[in-house]
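One letter stands for each residue in the lines below.
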Amino acid sequence: MEMKQINSHCYYFHSAVNIGYVYNGDDGMLIDAGIDKSAIKKVIKALKQHGLPITHLFITHAHADHYGGAKYLQDNYDVRTIAPKYEAAILENPSLEPLYLFGGNDPLDDIRNKFLEGPPVRIDDKVWEGNFTFGEFELETFSLPGHSYHQLGVKIYDVLYAADSYFAEAQLKKHKIPYITDCALTIDSLSRVKEILCDGAVPGHGEYETNFQDTVRKNIAYHEQLSTWLEEYISDHPDGVSHEQVIVDMCDAYGVENNQLSQWLLYRTAVTAYLIGHIKRGTITYAIEGNRWVFKQLKKGED
Ligand SMILES: [Zn+2]
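Residues numbered from 1 in each chain as written. Predicted model: local features only at pLDDT ≥ 70, side-chain atom pairs only at ≥ 80, totals over all residues. Heavy atoms only, no water.

**Comments concerning the pattern of salt bridges**
So the rule is basically this: Criterion for a salt bridge: a side-chain nitrogen of Lys or Arg within 4 Å of a carboxyl oxygen of Asp or Glu. The numbering of helices and of strands both runs from the N terminus, where a helix is a DSSP run of H or I of at least 4 residues and a strand a run of E of at least 2. Only protein chains enter the area calculation, which uses a 1.4 Å probe; residues under 20% of their type maximum are buried, those over 50% are exposed, and those in between are partly exposed.
For the structure on display, the rule yields 15 salt bridges. A salt bridge links Glu92 to Lys126, with the nearest nitrogen and oxygen atoms 3.2 Å apart. Note that Glu92 is positioned in helix 4 (residues 87–92) and Lys126 in strand 7 (residues 125–127), a separation of 34 residues in sequence. On the basis of relative accessible area, Glu92 is assigned to the partly exposed category, the value being 29%. The salt bridge involving Glu169 is made with Lys218; its shortest N-O contact spans 3.5 Å. Of this pair, Glu169 sits in helix 6 (residues 169–175) while Lys218 sits in helix 8 (residues 212–235), placing them 49 residues apart in sequence. You can call Glu169 partly exposed: its relative accessible area is 34%.

**Side note on the domain arrangement of the protein chain**
Here is the rule: What fixes the domain bounds is an automatic or database domain assignment. Here, residues are in contact when the closest pair of their heavy atoms is within 4.5 Å. Put simply, buried area is the surface a 1.4 Å probe can reach on two separate parts but cannot reach once they are joined, added for both.
Taken domain by domain, the protein chain comprises domain 1 (2–164) and domain 2 (223–297). One C-alpha centre belongs to domain 1, the other to domain 2, and the line joining them spans 32 Å. Facing the eight residues of domain 1 at the interface are six residues of domain 2. Here domain 1 packs against domain 2, burying approximately 560 Å² in sum over the two surfaces, 72% of which is carbon and sulfur. The largest per-residue losses of area from domain 1 upon contact with domain 2 belong to Leu101, Ile111 and Leu116, which jointly make up 64% of the total buried on that side.

**Some thoughts on the sheet that holds strand 1 (residues 2–5)**
Defined as follows: Two strands are counted as paired when DSSP detects at least two bridges linking them. Between N-to-C directions, angles cover 0 to 180 degrees, with each direction set by a line fitted to C-alpha atoms, over the stretch in contact for helices.
Read from one edge of the open sheet, seven strands run 1-2-3-4-5-6-7, paired in mixed fashion. Whereas interior strands pair on both sides, the edge strands pair on one side only; in this sheet they are strand 1 and strand 7. On average, adjacent strands in this sheet sit at an angle of 20° to one another, irrespective of strand direction. Across three bridges, strand 5 (residues 56–58) lies against strand 6 (residues 80–84) in parallel orientation. Note that in strand 6 the partner of His56 across the bridge is Arg80.

**Regarding the pairing of strand 14 (residues 284–289)**
Each regular strand displays side chains that alternate between the two surfaces of the sheet. Bridging between strand 14 and strand 15 (residues 292–297) involves six bridges; their strand directions are antiparallel. Directly across from Ala287, in strand 15, lies its bridge partner Val294.

**Re the sheet that holds strand 10 (residues 152–156)**
Pairing in this open sheet of five strands is mixed, and the strands run 8-9-10-11-12 from one edge to the other. Taken across any chain shown, the strands that pair with only one partner, and hence form the sheet edges, are strand 8 (130–134) and strand 12 (200–202). Strand after strand, the sheet turns through a mean of 30° between neighbouring axes, direction not considered. As defined by bridge partners, strand 10 adjoins strand 11 (residues 159–161) across three bridges and the pair is classed as antiparallel. Bridge pairing in strand 11 places Lys155 opposite Leu160.

**Some details on the packing of aromatic side chains**
To be explicit about the condition: Here is the rule: rings of Phe, Tyr and Trp (six-membered ring for Trp) pair when centre to centre is within 6.5 Å. Planes less than 30 degrees apart are stacked, more than 60 are edge-to-face, and the remainder are tilted.
Overall, the coordinates contain 10 aromatic pairs when judged by the stated rule. Measuring from centroid to centroid gives 6.5 Å for Tyr21 and Tyr23, while their planes differ by 10°, and the two rings are stacked. Taking relative accessible area as the criterion, Tyr23 reaches 24% and is therefore assigned partly exposed. Grouping aromatic residues by their ring pairs yields a cluster made of Tyr11, Tyr21 and Tyr23.

**As for the nonpolar core**
The test is simple: Throughout, nonpolar core names a set of buried Ala, Val, Leu, Ile, Met, Phe, Trp, Tyr and Cys residues whose side chains join them through atoms within 4.5 Å.
Judged by nonpolar contacts, the single largest core of 27 residues is most densely connected at Leu30, Ile40, Leu47, Ile59, Leu73 and Leu91. Among the elements that make up this core, the one with the highest residue count is helix 1 (residues 37–49) (five residues). Here Ile40 is in contact with Ile19, Leu30, Ala33, Gly69, Tyr72 and Leu73, once residues within four sequence places are set aside. With 26 residues, the next largest nonpolar core counts Ile187, Leu226, Ile234 and Cys251 among its residues.

**Notes on the environment of Ile180**
By the element assignment, Ile180 lies in the loop between helix 6 and helix 7 (183–195). Between the C-alpha atoms of Ile180 and Asn18, which are 162 residues apart in sequence, the distance is 19 Å. Setting aside residues no more than four positions away along its own chain, Ile180 makes contact with Gly146, His147, Thr186, His223, Thr269, Ala270, Ala273 and Tyr274.

**A look at the state of the cysteines**
The line we're drawing: Sulfur atoms of two cysteines make up a disulfide when they are within 2.5 Å.
Overall, the coordinates contain zero disulfides when judged by the stated rule. Of all cysteine sulfurs in the structure, the one in Cys183 sits closest to Cys251, which takes part in no disulfide; the separation is 15 Å.

**Notes on empty space enclosed by the protein**
Rules: Throughout, the protein atoms alone are placed on a 1 Å grid, and a set of points is a cavity if a 1.4 Å probe fits but cannot get out or a pocket if it is open with protein on both sides within 12 Å along at least five of seven lines; lining residues have an atom within 4 Å of a point. Grid points are joined across faces, edges and corners, and a volume is the space filled by probe spheres set on the points. When residues are grouped by polarity, Ala, Val, Leu, Ile, Met, Phe, Trp, Tyr, Cys and Pro land in nonpolar, Asp, Glu, Lys and Arg in charged, and all others, Gly among them, in polar.
A full pass over the atoms with the stated rule returns two cavities of 30 Å³ or more. Reported here for the largest cavity is a volume of approximately 80 Å³. Surrounding the largest cavity, 13 residues form its lining, Asp32, Tyr161, Val202, Pro203 and Gly204 being those nearest its centre. Looking at the lining of the largest cavity, its residues break down into eight nonpolar, four polar and one charged. Looking at the second largest cavity, its volume works out to about 50 Å³. Taken together, Leu144, Pro145, Gly146, His147, Gln151, Asp164, Ser165, Phe167, Ile180, Thr186, Ser189 and His223 make up the full set of residues lining the second largest cavity. Of the residues contributing to the lining of the second largest cavity, the split by class is four nonpolar, seven polar and one charged.

Structure (structure tokens):
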């Protein structure tokens, strides 16, 4: 995990899941906490070596890879912990993630793993979009839903810690169908991120870039390409196609092979996010037919 400096106040620990760090005077704020104890321990060790303080933690959204290390940090440091409202409810009650992914059923033990559920986190300040002062820090938050319900990006000292609002190009290719919850909101948030005035941005997965707008545009193009595939696929099935079949065919088309329940649940949500995008655009409609959730193309003049 490499500690990378962005400017005189801003750093990030570059890893599969980035952890941001900002400091000013006696205060130091981590932005996200990594997936587990071992990830955050590496960060703590590096900050100690540099004699840098840890006083605050800002969690951008309640995905376990971003908050799994938070409890260890809280157990060992007096950190004022800040998170978006609503995401905070999940951080305080982390079994909510396997619960929602499991469609509301009591989650099986199989999906209560560290990728979907971290240890519970105490949240001291629940924030929404706006300007805030915490200790020595003045920061601005931006609501960026679409990947997680109330995800916030953080702009501080002209650096945007963009959370998972966009991914590095390599990440898009790796995941094939990126994890999102609503394609329409994802694209709205991406359009917004492009316009945020700052020196550069660092995503949750990827590297700091000054010309991050280019990567954001590639994200938009990627989601649009998947959306177009889905629209054509639905139009090729004039009698409608079931939710389960859409998941099978879209995963097959993009080379996604699921062999674990937790992984399949994430892809089910991602595929459904593209369906939701089309429903919101008015290009696809749905019905419950034969006890199945069925999707059809919405022809012009129909609604
Ligand atoms: Zn995430």
